[in-house]
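# A closer look at the structure
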Amino acid sequence: MRPAPKLNLHGTAPAGSTLTVPLKLSGAAAAAGQVAALTVNVSYDSGRTWKPLTVTTDAKGARSVSVKHPATAKAVSFRVDLKDKGGNTVRETITNAYRLAP
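Residues numbered from 1 in each chain as written. Predicted model: local features only at pLDDT ≥ 70, side-chain atom pairs only at ≥ 80, totals over all residues. Heavy atoms only, no water.

### Re the sheet that holds strand β8 (residues 75–84)
Taken together, the five strands give an open sheet; going across it, the order is β2-β9-β8-β4-β5, and neighbouring strands pair in mixed fashion. Because the sheet does not close on itself, it has two edges, and the strands there are β2 (12–14) and β5 (51–53). Each strand axis lies, on average, 40 degrees off the axis of its neighbour in the sheet, ignoring direction. Here β2 runs beside strand β9 (residues 89–101); their pairing, made up of three bridges, is parallel. If you follow Ala13 over to β9, its bridge partner there is Leu100. (Pairing = 2+ DSSP bridges. Helix = DSSP H or I, 4+ residues; strand = E, 2+ residues; numbered from the N terminus. Axes fitted to C-alpha atoms, helices over the stretch in contact; angles between N-to-C directions.)

### Section: the packing of aromatic side chains
One pass over the full model with this rule turns up one aromatic pair. The interplanar angle of 45 degrees and the centroid separation of 6.2 Å between the aromatic rings of Phe78 and Tyr98 together place this pair among those described as tilted. With Phe78 in strand β8 and Tyr98 in strand β9, this pair connects stretches of sequence that are 20 residues apart. (Phe/Tyr/Trp six-rings, centres within 6.5 Å; stacked < 30°, edge-to-face > 60°.)

So, in structure tokens, the structure goes:
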């Protein structure tokens, strides 16, 4: 699983804005109906503290999270926990997944 935000040409998003971040699944969990649990947390301090995000699924099965960037934050980190119907689990932490610009 990896977040796939649409960033500007400099690889940044605006601080103080909200960005919808698509979640790209791979492997066995990518097949329809195979995700048992998916949680995403965000950090704006390189992983010292985490806040839960709400995962949404559209009519076509695509998942995303809406990330509200604080005006003073410099970067966004994600921690994703995934469990598939086969009982397989994975935790992925991406520190400083993308930068924020004023």
